[in-house]
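This is what each chain is made of:
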Amino acid sequence: MAVVYRGGRGILRGLLEQAAASGYEAHLESSRDVTKADGKPRVEVRIRVVGRGQPIEPLLERVIGMRGVTSVRTLAEDD
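Structural notes, computed from the coordinates. (Residues numbered from 1 in each chain as written. Predicted model: local features only at pLDDT ≥ 70, side-chain atom pairs only at ≥ 80, totals over all residues. Heavy atoms only, no water.)

A separate point is helix 1 (residues 11–21). Listed in full, the buried residues belonging to helix 1 are Ile11, Gly14, Leu15 and Ala19. Looking straight down helix 1, one finds that the buried residues subtend no more than 135 degrees of arc, so they occupy a single side. Residues of helix 1 that are exposed and point more than 90 degrees away from the buried face comprise Arg13, Ala20 and Ala21. Elements in contact with the buried residues of helix 1: strand 1 (2–6), strand 2 (25–33), strand 3 (42–50), helix 2 (57–64) and strand 4 (69–73). At the exit of helix 1 stands Gly23, carrying a positive phi of roughly 90 degrees. (Buried < 20%, exposed > 50% of the residue type's maximum accessible area, 1.4 Å probe, protein only. Helix = DSSP H or I, 4+ residues; strand = E, 2+ residues; numbered from the N terminus. Arc of directions from axis to C-beta. Contact = heavy atoms within 4.5 Å.)

Right, let's talk about the nonpolar core for a bit. With 16 residues, the main nonpolar core has Val3, Tyr5 and Leu15 as its most contacted residues. For Val3, the contacting residues outside a window of four places in its chain are Leu15, Val43, Glu44, Val45, Val63, Val69, Ser71 and Val72. (Core = buried A, V, L, I, M, F, W, Y, C linked by side-chain atoms within 4.5 Å.)

Here it is, written out as structure tokens:
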């Protein structure tokens, strides 16, 4: 999944904790600065989540609801 969030708020740690609490293994694949012209720091991370056949939707809903997260999208296997 790809997640964009406001930087400097400890959100990455929260993302990984949410994945673990939902029964997934989470692997950080990449991170990059996507700060916009408004100057507010934003970060995009790509996290590969591996589960035991459970649906990912509940995890996505938790992540979307996290304070500071601005977007979440799933990625295809080859992304």
